Amino acid sequence: MNNSDKKIESTDFSKIRLLVLDVDGVLSDGRISMSANGDEVKSFCVKDGSGLKFWQRAGGKIAWITGRHSPLVAARAEELGVDVLRQDCKIKLPVYEEVLNNLGMKTDETAVVGDDLPDLPMLLRCGFSATPADGVEELRSRVDYICRNLGGRGAVREIIELILKKSGRWNEIMARYL
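Not measured: the values here are computed from a predicted model. (Residues numbered from 1 in each chain as written. Predicted model: local features only at pLDDT ≥ 70, side-chain atom pairs only at ≥ 80, totals over all residues. Heavy atoms only, no water.)

Draft legend 1. Spotlight on the sheet that holds strand β7 (residues 128–131). What the six strands build is an open sheet, ordered β5-β4-β1-β6-β7-β8; its pairing is parallel. At either end of the open sheet lies a strand with only one pairing partner, and these are β5 (84–86) and β8 (145–146). As paired elements, strand β6 (residues 110–113) and β7 share three bridges and run parallel to each other. Paired with A111 across the strands is F128, a residue of β7. (Pairing = 2+ DSSP bridges. Helix = DSSP H or I, 4+ residues; strand = E, 2+ residues; numbered from the N terminus.)

Draft legend 2. Geometry of empty space enclosed by the protein. As enumerated under the stated definition, the model contains one cavity of 30 Å³ or more in all. Approximately 40 Å³ is the volume found for the largest cavity. Forming the boundary of the largest cavity are L27, F44, C45, D48, G49, L52, R76 and L80. Sorting the residues of the lining of the largest cavity by element identifies α2 (46–57) and α3 (71–80) as the ones contributing at least two each. Here the lining of the largest cavity gets three residues from one element, more than from any other, and that element is α2. By residue class, the composition of the lining of the largest cavity is five nonpolar, one polar and two charged. (1 Å grid on protein atoms, 1.4 Å probe; cavity = no way out; pocket = protein on both sides within 12 Å on 5 of 7 lines; lining within 4 Å. Points joined across faces, edges and corners; volume = space filled by probe spheres on them. Nonpolar A, V, L, I, M, F, W, Y, C, P; charged D, E, K, R; others polar.)

Draft legend 3. Representation of the side chain of D24 within the structure. Considering the arrangement of structural elements, one finds D24 in the loop between β1 (18–21) and β2 (33–34). A relative accessible area of 13% means that D24 is categorised as buried. There is a polar contact of 3.4 Å between the side chain of D24 and the side chain of S28. A distance of 2.4 Å separates a polar atom in the side chain of D24 from a polar atom in the side chain of K42. (Buried < 20%, exposed > 50% of the residue type's maximum accessible area, 1.4 Å probe, protein only. Polar contact = N/O pair within 3.5 Å; in protein donor to acceptor, adjacent residues only side chain to side chain.)

Structure representation (structure tokens):
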């Protein structure tokens, strides 16, 4: 049993009520494309979006904390009904702590998914931490779980399914489709 397996087995996933996500490199593949007239283009994974809806149906809250500002991110967050969106967060820990305080959450009730160094302070102060398969090595060596999927390619859905299955909430989601 590796360290990730041990952490998964020892985590009380039923406590996790808040999912905190970085955007670029987690919800998107981290690339920023610009059109000829300077418009930004991002791609988001539909499976991650479905996973976020499943998370909400199971009673979970969602916060996105990102270092950049993008109208596309705001539009996607609104479309998905994200509870908290914070953009332009160069130093994320104080924002994370503010979000927890505003939502009345404790760190052990929180799962955080990040892919790069600005996410590390949040990842070290939560109930369960994860990084996409392509997260930077400094995170990969410190998080509780390394996804099989890449950022923007299903990593968020993977984490949501893991938490919901390990907490016994996945059957509620499946019941809608059976």
